[in-house]
Amino acid sequence: MTVLVTGGAGYIGSHMVLELLEAGETVVVLDNLTTGFWWAVPKEVTLIEGDMGDQALVGRVIAEHGIEAIIHFAARIVVPESVADPLGYYLNNTSKTRNLIECAVKGGVKRIIFSSTAAVYGDVKVNPVTEDTPQNPVSPYGRSKLMSEWMLQDTARAHGLAYVILRYFNVAGADPKGRTGQSTAGATHLIKVACQTAIGDRPEMAIFGTDYPTPDGTCLRDYIQVTDLARAHMAALKYLRGGGESGIFNCGYGRGYSVREIVDVVKQVSGVDFRVVLQPRRPGDPPAIVAEAARARAILGWQPIHDDVAAIVGQALAWEKALRVRNAA
Ligand code: UFG
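Residues numbered from 1 in each chain as written. Predicted model: local features only at pLDDT ≥ 70, side-chain atom pairs only at ≥ 80, totals over all residues. Heavy atoms only, no water.

### Some remarks on the sheet that holds strand E14 (residues 288-289)
So, step 1. One open sheet accounts for three strands, arranged E12-E9-E14; its pairing is mixed. Every other strand in the sheet has two partners, leaving strand E12 (257-258) and E14 as the edge strands with one partner each.
So, step 2. Summarising the sheet, strand E9 (residues 220-221) and E12 pair through two bridges and their orientation is antiparallel. Along E12, the bridge assignment pairs Leu220 with Ser258. (Pairing = 2+ DSSP bridges. Helix = DSSP H or I, 4+ residues; strand = E, 2+ residues; numbered from the N terminus.)

Shown next as structure tokens:
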């Protein structure tokens, strides 16, 4: 029973591969290495450099490796980039996902786990958000993911495919054993940017917006540790193999941290009082978005074990230092 991981050389995908290996699974990674790294894939895993929208290739991989389940991470994920290049996002995240789903149907793959996002909810009025909160994405990124959710649901109904859609909140941290982490150059994510500033890779960082209707005026987000997120996929795989019904699940801890709180934690954990400048709001940022993730715990049996913001920051910081050594070599 081989699991195909698209985007397995990327941030979340590479943590997934480690979890699968630790569980004794056979894994094939398909990644075009545009934002992933070959070195992020352990040597015992088959890495196929190629595009998940390439149906000839995917069809061959499914047949040759006897793929039983697909965990589909490969995507473009930068919200402002999606505003500037909507067609690129709809091609990569939506059209190619359509091709992949078709290959799964034709190749007899019965299970798909799909990476979706809190961005499908858009600007929410009430927190925490449940899976039934109306979806009203405000970016092409969010729409590209929501359309993929719909395609997967429709195809599952028509062709007897079983799926789990996981809607990730703010993914952060790194493998606690230091084997992989967030390595994308030019990343815009808060914890990574703050860690880069703490170790001196950036002279300063900005807090975008201090006039939000939140306790300290900065945005609130639900930060989920990346290994815990990979473990949610493991729980989903087990659930589907056990005959579980297809469904959608939020992945978060159900607690919001403000931007200022996160910056303070990074300063405390790093011991560096780095320079922070206050800037106007960043376009498209919702003031607050926090998950209600009871469904994943109750139905998938997911039990997070890394819900500790200081530990998450510690892992991100350690990875940033390791990355600097790697990039200098
Ligand atoms: N922020 C700063 N300074 C920075 C970087 C971020 O103040 O240098 C703030 C942002 O304005 C925002 C918060 O920190 O208020 C979190 O920003 P991130 O860029 O880390 O994450 P987002 O909440 O914007 O985006 C995340 C995922 C997206 C997903 C979205 C769904 O990265 O893929 O959540 O809400 F679409």
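Having seen it, we continue.
### Notes on the pairing of strand E5 (residues 111-117)
So, step 1. Among the seven residues in E5, six count as buried, and that is most of the element.
So, step 2. Two elements, E5 and strand E6 (residues 162-168), share seven bridges in a ladder whose sense is parallel. Note on E6: the bridge partner recorded for Ser116 is Arg167.
So, step 3. Considered for its hand, the β-α-β crossover made up of E5, helix H5 (residues 140-159) and E6 is right-handed. (Buried < 20%, exposed > 50% of the residue type's maximum accessible area, 1.4 Å probe, protein only. Right-handed = clockwise from strand over helix to strand, strands pointing away.)

### Overview of the side chain of His233
So, step 1. Structurally, the position occupied by His233 is in helix H7 (residues 226-241).
So, step 2. Under the relative-accessibility criterion, His233 is labelled buried at 0%.
So, step 3. Within the local environment of His233, its side chain forms a polar contact with the backbone oxygen of Leu229, the two atoms lying 2.7 Å apart.
So, step 4. The residues contacting His233, other than those within four sequence positions of it, are Met16, Ile71, Phe73, Ile113, Leu166 and Tyr168. (Polar contact = N/O pair within 3.5 Å; in protein donor to acceptor, adjacent residues only side chain to side chain. Contact = heavy atoms within 4.5 Å.)

### Regarding the site of the ligand
So, step 1. Around the ligand sit 20 residues, and of these Leu190, Ala206, Arg221, Arg282 and Asp285 come closest.
So, step 2. Take Thr188: an N or O atom from its main chain is 3.5 Å from an oxygen atom of the ligand.
So, step 3. Ala206 is positioned with one of its backbone polar atoms (N or O) 2.7 Å from a nitrogen atom of the ligand.
So, step 4. Contact with the protein chains covers 91% of the free accessible surface of the ligand, which is 690 Å².
So, step 5. At three residues, strand E8 (residues 205-208) tops the list of elements feeding residues into the shell around the ligand.
So, step 6. Here the shell around the ligand is built from residues that sort into 13 nonpolar, four polar and three charged. (Near = heavy atom within 4 Å. Areas by Shrake-Rupley, 256 points an atom, 1.4 Å probe, with all protein chains shown as cover. Nonpolar A, V, L, I, M, F, W, Y, C, P; charged D, E, K, R; others polar.)

### Overview of the sheet that holds strand E4 (residues 67-72)
So, step 1. Sheet architecture is open: seven strands sit in the order E3-E2-E1-E4-E5-E6-E11, paired in parallel fashion. Where the open sheet ends on each side, the last strands, each with one partner, are strand E3 (46-49) and strand E11 (247-251). This sheet shows a mean twist of 20° between the axes of neighbouring strands, independent of strand direction.
So, step 2. Across five bridges, strand E1 (residues 2-6) lies against strand E2 (residues 26-31) in parallel orientation. Opposite Thr2, over in E2, you have Thr26 as the bridge partner. (Axes fitted to C-alpha atoms, helices over the stretch in contact; angles between N-to-C directions.)

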